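Results of the structural survey
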Amino acid sequence: MSLEVQETETKKEAAAETRNVTGSEAILEIFLKEGVEVLFGYPGGAIMPLYDVLYHYNDPLRHILVRHEQCSVHAAQGYATVSGKTGVVLATSGPGATNLVTGLADAMIDSTPIVCLTGQVFAPLLGTDAFQETDIINITSPITKWSYQITDAEEIPAVLSKAFYIARSGRPGPVLIDITKNAQVQKFDFAYEKCDHIRSYRPKPVVRKEYVEEAAKLINSAQKPLVVFGQGVILGNAEEEFKKFIEKGDLPAAWTVLGLSALHSDHPLNVGMLGMHGNYAPNVLTNECDVLIAVGMRFDDRVTGRLDKYAKQAKVIHLDIDPAEIDKNVKADVPVWGDCKETLPMLTQLIEERKHSEWLQQFEELAKQEDEICIRKELYPETEILSMGEVIRIMNDITGGDAVIVTDVGQHQMVACRYAKFTKSKSNVTSGGLGTMGFGLPAAIGAKLGAPEREVIAVVGDGGIQMTIQELGTIMQNQIGVKILVLNNHYLGMVRQWQELFMERRYSFTDIESPDFVKLADSYNIPGARVETRDNLKAELEKMLNHKGSYLLEVKVGRENNVFPMVPQGCSVSEIRLS
């Protein structure tokens, strides 16, 4: 075949793949090509052309109408976290777009892949302060991986292709694309090609073998090694690689809040949670280890406490896909750039099979102290007052650690993270870096849609749930089988704990009155019950978990119970308090 004939055939094939469509039709076709199944959104004037076309796509694309745009992002976060897919959000211009800001900031700091599309006024009106016009690009630039405004429909394929690629590649995060109304209705010849490369954007840094070798030498010479791991293990789908690494080296491993569930809760090398309300042993022994191996975590201040007193005696190895995190907070002696799914097997191959029995014994001894002073009292209280910990303990017994636990932010979050058991990865959904109250309920909606075959339990407080309680309507309308466990202590508990410990019990505006949650749930056709005594706690938890469909269970817990251990702000991790 001649070159001229080949070119003609290529052009014919390209023409066959090209269709004349509106910008809105192109957007929905791109969603299908990118494997999108669920959309979370709220219609409005500037996004109306897209919603008009969506009317005809309701079979391949399931749209979930939330009750507030912030919740669309949180729902997309829950969906992305448990499914491993990219969450997709639709919103209109002006207040619709600005309502996304909290969710975008949350997704950015917690590395959640989200693509948000906002409608915008007609291009000729840009900059005129038209009705519901806001400069959402400049507003969201600091809290997204990328934001871009489309004013011409012909830009849509290339821009959305880049959006999905950027959101899910490397260290994931949110992307916002603003699309003017004229671009949504404009017709053009549409063809689509998935993006797999962007000039000047390198999602995965080149792995430097010499640094892997240096890291292996340090680990092989270590007498008191400690691994601290975060969500990077989960985002890299490197759970099995991580497990092989710690088992070969007999390395104790402690997790951040977002790293929870990457390693089986009962694994013998799992030594517990790091940080302000983490476990006693890993916090204290951070300042006694001789080699600290950080995997996919960013040394957040809630994990490190005072940086000038953090692991100063240790050689630090830091594995991370984002070079910006290396040396940002804690200086690394050996930086290992790259995807941990690639770097961990390289490291595992080079480390020696070791036994660190005496070192691991130190973790066990400190764990016994914590159990005697804190844990036993929390899980098996001797008073008539119910504790959050015993609720989580009984829930574990019923679920066997197989459920997805979605938490809001507060005392209940820390208790759930400390005591919930997990047998599978991608089972812990929470707001880590931003600490967004109101996250739990909408995130649980998304999590259930992302893993419909799994039990999804939203563990929330009486304060946080009231920030997004309108999403009970979303559960009702879409018949989403989320179980809602409200741990009600009649306070904004975490703030109240600080006021008790550090502000001489000046409980300034933390005593919160709440509606009758059971009656409120009933008004949304969600059955429920309330527990105030230990006698029927297990039976009611079983009833909730055995119920087909959504259910709300309110449990009245101690008003002034505190979460311990605790590293007071401004202290080092070794100054952690057991009471």
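Let me begin by describing the structure that accompanies this report. Source: prediction; values computed, not measured. (Residues numbered from 1 in each chain as written. Predicted model: local features only at pLDDT ≥ 70, side-chain atom pairs only at ≥ 80, totals over all residues. Heavy atoms only, no water.)

1. A few points about the pattern of salt bridges
Put simply, the test is: Criterion for a salt bridge: a side-chain nitrogen of Lys or Arg within 4 Å of a carboxyl oxygen of Asp or Glu. For each residue, the accessible area found with a 1.4 Å probe, counting protein chains only, is set against the maximum for its type, and the residue is called buried under 20%, exposed over 50%, and partly exposed in between.
Counted under the stated rule, the structure contains 26 salt bridges. The shortest N-O distance in the salt bridge between Asp327 and Lys331 comes to 3.6 Å. For Asp327, a relative accessible area of 36% gives the class partly exposed. You can call Lys331 exposed: its relative accessible area is 62%. Among the salt bridges present, the one from Arg506 reaches Glu504, with a minimum N-O distance of 2.9 Å. Of the residues examined, Arg506 reaches a relative accessible area of 49% and is grouped as partly exposed. Given a relative accessible area of 66%, Glu504 falls into the exposed group. One connected set of salt bridges, linked through shared partners, spans Arg171, Asp322, Glu325 and Lys328.

2. Observations concerning helix 6 (residues 101-109)
Stated precisely, the cut-off is as follows: Secondary structure elements are defined from DSSP: runs of H or I of at least 4 residues count as helices, runs of E of at least 2 residues count as strands, and each element is numbered from the N terminus. In this analysis, two residues are considered to be in contact whenever any of their non-hydrogen atoms come within 4.5 Å of each other.
Three or more residues of helix 6 are buried, namely Gly103, Leu104, Ala105, Asp106 and Ala107. Of the surrounding secondary structure, the elements contacted by the buried residues of helix 6 are helix 4 (69-83), strand 5 (114-120), helix 7 (136-140) and strand 7 (174-180). A positive backbone phi angle near 55° is found at Ser111, which sits one or two residues after helix 6.

3. Details of the packing of helix 4 against helix 19 (residues 440-450)
Basically, it comes down to this: Every axis corresponds to a line fitted to the C-alpha atoms, with the helix fit spanning only the stretch in contact, and the corresponding angles, defined between N-to-C directions, vary from 0 to 180 degrees. Angular relationships are summarised with four words: roughly parallel below 35 degrees, roughly antiparallel beyond 145, roughly perpendicular across 65 to 115, and oblique for the angles in between. Each helix crossing is assigned a hand: it is left-handed if the near helix lies turned anticlockwise from the far helix by less than a right angle, otherwise right-handed if that turn is clockwise. Three classes are used, and their members are as follows: Ala, Val, Leu, Ile, Met, Phe, Trp, Tyr, Cys and Pro are nonpolar, Asp, Glu, Lys and Arg are charged, and the others, Gly among them, are polar.
At a closest axis distance of 6 Å, the pairing of helix 4 and helix 19 adopts a crossing angle of 40°. When the interaxial angle is binned, helix 4 and helix 19 end up oblique. Here the hand of the crossing between helix 4 and helix 19 comes out right-handed. Contacts from Cys71, His74, Ala75, Gly78, Tyr79, Val82 and Ser83 of helix 4 reach helix 19 at Pro442, Ala443, Gly446, Ala447, Leu449 and Gly450. A breakdown of the residues in the contact of helix 4 with helix 19 according to their chemical character gives 8 nonpolar, 5 polar and no charged.

4. Comments concerning the layout of surface pockets
To keep things clear, this is the line we draw: Cavity and pocket criteria rest on a 1 Å grid covering protein atoms alone: a 1.4 Å probe that fits but cannot get out defines a cavity, protein on both sides within 12 Å along at least 5 of 7 lines defines an open pocket, and an atom within 4 Å of a point defines a lining residue. Grid points are joined across faces, edges and corners, and a volume is the space filled by probe spheres set on the points.
Considering only enclosed or pocket space, the second largest pocket measures out at about 760 Å³ in volume. The wall of the second largest pocket is formed by 28 residues, among which Ser265, Asn270, Gly272, Asn279 and Lys421 lie closest to the centre. Of all the elements in the fold, those that place two or more residues in the lining of the second largest pocket are strand 11 (270-273), helix 13 (280-286), helix 16 (357-379), helix 17 (388-399) and helix 18 (411-419). If you tally residues by element for the lining of the second largest pocket, the top one is helix 16, at 8 residues. Per-class residue counts for the lining of the second largest pocket are 14 nonpolar, 6 polar and 8 charged.

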